[in-house]
Amino acid sequence: MRGMENASLAALMTPAALVDLDRVESNLQRVSRYTREHGLHWRPHTKTHKTAELTALQLAAGAVGATVATPREAEVMATVTPDILFAYPPVGTARLAKLLSLPPRTKLTVALDSLESLAALSRAAQQAGRDIGVLVELDLGMRRVGVKTPEQAVALARAIAASPSMTWRGVIFYPGHVRAPLHQQDEAVREQNTRLGAFLEVLEREQLKPEVVSGGSTPMLWRSHEVKGLTEIRPGINVLNDRNTASLGACAWDDCAFSVLATVVSTAVPGQVVIDAGSKALAKEEGLAPEGGYGALLDQPDVIVRNVSEEHGLLDVSATSWRPRVGDLVRVVPNHVCAAVNLHERLHVLRGGTVTDTWAVAARSW
């Protein structure tokens with residue numbers, strides 16, 4: 001927007017991914033205080049930012065390690081932490097080979113939900129001469145991956161304990177189906193307690209009490225302590241936040257640390273402003289905000305990105321008096337930060353509104 005452009009921003013080729021380090025540090029301190037207060041381990045998911053630098057900041061703020069979903073993420077994050085959780089079914093020869101080629105110092109834990117994936121992991125680990133910790137994935141309502149019953153969890157845990165090079169460590173789940181606003185999550189918390197409690201009760205009865213009970217998500221982050229038995233949480237988005245997270249009340253708008261810098265390229269259509277950030281910069285992902293759209297302006301959140309094509313973003317200015325000029329800069333907060341970051345090769349780091357550094361999004365590739 002006019003007046004916000006400093007020399008360093010104006011020098012960037014747009015669209016450009018920006019990270020406000022002051023807001024990042026505030027977000028990290030907030031979750032660090034929360035986890036310390038409630039005795040939870042914090043193992044953030046790095047799929048959101050895919051950068052070693054942000055993982056290093058998370059570790060410095062108190063995280064115990066990193067959660068990853070791809071072998072490339074594991075490879076990049078292993079350069080800054082020796083403790084990696086691979087929270088994705090370890091299926092496929094190439095995927096296993098990449099994981100097991102991590103530095104020997106890496107303590108690798110893997111989540112899985114089938115005997116087939118366990119057998120392949122055990123064989124590969126034996127061949128590589130490595131010991132791997134294993135968590136059984138539970139389905140507590142997401143209906144994506146995970147065993148469905150306590151009996152299945154017991155059978156898989158026993159198989160893990162009996163498999164060469166495997167160590168049974170506990171259970172993992174992801175409440176990604178919970179997208180209600182923070183103050184409307186009472187029923188979801190009760191459901192998580194009921195479902196998780198049933199698994200934990202049977203596992204303990206069978207002398208398979210989990211050392212690790214890993215869960216959590218950004219939408220449910222601030223109610224994690226209400227889930228009985230939980231030992232660690234894996235929020236990813238909260239380090240940067242996005243429009244969806246703000247819509248759910250899981251962060252304030254001023255906590256959004258990621259934005260895409262864009263240039264106004266056309267004002268020819270009345271009530272509309274066109275910017276040079278489209279689906280290839282913001283991601284074309286539907287949002288949770290009732291007014292729809294694919295993002296909103298950081299400094300003027302009532303201005304919505306109403307539509308996107310590949311290289312064009314259409315701002316709806318019909319309900320505002322704001323009228324930019326061609327060439328003005330704007331900053332867009334996307335609906336889903338994880339999808340947006342993955343579209344950029346680098347993050348331009350801001351301190352006090354000035355670009356001070358550039359970080360490679362090194363874990364984008366497989």
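Refer to the structure presented above.
The model shown is predicted, which means the values in this text are computed figures rather than measured ones.

So, how was this worked out
- Residues numbered from 1 in each chain as written.
- Predicted model: local features only at pLDDT ≥ 70, side-chain atom pairs only at ≥ 80, totals over all residues.
- Heavy atoms only, no water.
- Helix = DSSP H or I, 4+ residues; strand = E, 2+ residues; numbered from the N terminus.
- Rg over C-alpha atoms; globule rule 2.2 N^0.38 Å.
- Buried < 20%, exposed > 50% of the residue type's maximum accessible area, 1.4 Å probe, protein only.
- Areas by Shrake-Rupley, 256 points an atom, 1.4 Å probe, with all protein chains shown as cover.
- Lys, Arg positive; Asp, Glu negative; His and termini not counted.
- Charge placed at Lys NZ, Arg CZ, Asp CG, Glu CD.
- Salt bridge = Lys/Arg side-chain N within 4 Å of Asp/Glu carboxyl O.
- Expected span 1.5 Å × (residues − 1).
- Contact = heavy atoms within 4.5 Å.
- Pairing = 2+ DSSP bridges.
- Right-handed = clockwise from strand over helix to strand, strands pointing away.
- Phe/Tyr/Trp six-rings, centres within 6.5 Å; stacked < 30°, edge-to-face > 60°.

Before going further, it helps to spend a moment on the overall build of the protein. Helix and strand counts for the protein stand at eleven helices and 17 strands. The globule rule puts the C-alpha radius of gyration for 366 residues at 21 Å, and the 22 Å found for the protein is close to it. Once the C-alpha set of the protein is aligned to its principal axes, its extents read approximately 70 × 40 × 35 Å. Burial statistics for the protein: of 366 residues in total, 56% are counted as buried. Only carbon and sulfur atoms are counted for the fraction: they give 51% of the accessible area of the protein, which is about 15,100 Å². In the protein, which carries 38 positive and 39 negative side-chain charges, the distance between the mean positions of the two groups comes to 3 Å.

Here the focus is the pattern of salt bridges. Note on pairing: side chains with opposite charge can pair once their charged atoms come close. Tallied over the full model, the rule gives 20 salt bridges. A salt bridge links Arg351 to Glu25; its shortest N-O distance comes to 2.9 Å. Of the two residues, Arg351 is situated in strand β16 (residues 346-351) and Glu25 in helix α2 (residues 21-38); the sequence distance between them amounts to 326 residues. For Glu25, a relative accessible area of 31% gives the class partly exposed. Three or more residues joined by partner-sharing salt bridges are found here, namely Asp22, Glu25 and Arg351.

Here we come to helix α7 (residues 150-162). Given a rise of 1.5 Å per residue, 13 residues ought to cover 18 Å, and the 18 Å separating the end C-alpha atoms of α7 matches this to within 8%. The set of residues buried in α7 consists of Pro150, Ala153, Val154, Leu156, Ala157, Ala159 and Ile160. For α7, the elements touching its buried residues are β5 (107-112), α6 (115-128), β6 (132-137), β7 (166-172) and α8 (186-205).

β5 sits mainly inside the fold: five of its six residues count as buried. In this sheet, β5 lies alongside strand β4 (residues 83-86) in parallel orientation, the contact comprising four bridges. If you follow Leu85 over to β5, its bridge partner there is Thr109. Following the chain from β4 across helix α5 (residues 93-99) to the adjacent parallel β5, one finds a crossover that is right-handed. Relative to β6, β5 runs parallel, the two being bridged by four bridges. Looking across to β6, one finds that Ala111 is bridged to Leu135. Following the backbone out of β5, through α6 and into the adjacent parallel β6, one traces a crossover that is right-handed.

A few words now on unusual backbone geometry. In this structure, Pro15 follows Thr14 across a cis peptide bond, with omega equal to 0°. Relative to the assigned elements, Pro15 resides in the loop between α1 (7-10) and β1 (16-20). Located in the positive-phi region is Asn241, a residue other than glycine, with phi close to 65°. Along the chain, the position of Asn241 falls in the loop between β9 (232-233) and α9 (243-247). Taking relative accessible area as the criterion, Asn241 reaches 3% and is therefore assigned buried. Even without glycine at this site, Ala283 takes up a positive phi of about 80°. Residue placement: Ala283 occurs in the loop between α10 (279-282) and β12 (295-297). Take Ala283: its relative accessible area is 10%, and that puts it in the buried class.

This brings us to the sheet that holds β9. Spatially, eight strands are ordered β2-β9-β8-β7-β6-β5-β4-β3 in an open sheet, and the strand pairing comes out parallel. Each edge of the open sheet is held by one strand with a lone partner, namely β2 (41-42) and β3 (66-68).

What follows is about the packing of aromatic side chains. Scanning the model with the defined rule gives two aromatic pairs in all. With a centroid separation of 5.3 Å and an interplanar angle of 85°, the aromatic rings of Tyr34 and Trp222 are classed as edge-to-face. One end of the pair, Tyr34, is in helix α2; the other, Trp222, is in the loop between β8 (212-215) and β9, and 188 residues separate them in sequence. Centroid distance Phe86 to Tyr88: 6.5 Å. Interplanar angle 75°. Geometry classified as edge-to-face. We classify Tyr88 as partly exposed; its relative accessible area is 38%.

All quantities given are derived from atomic positions and should not be read as evidence of function.
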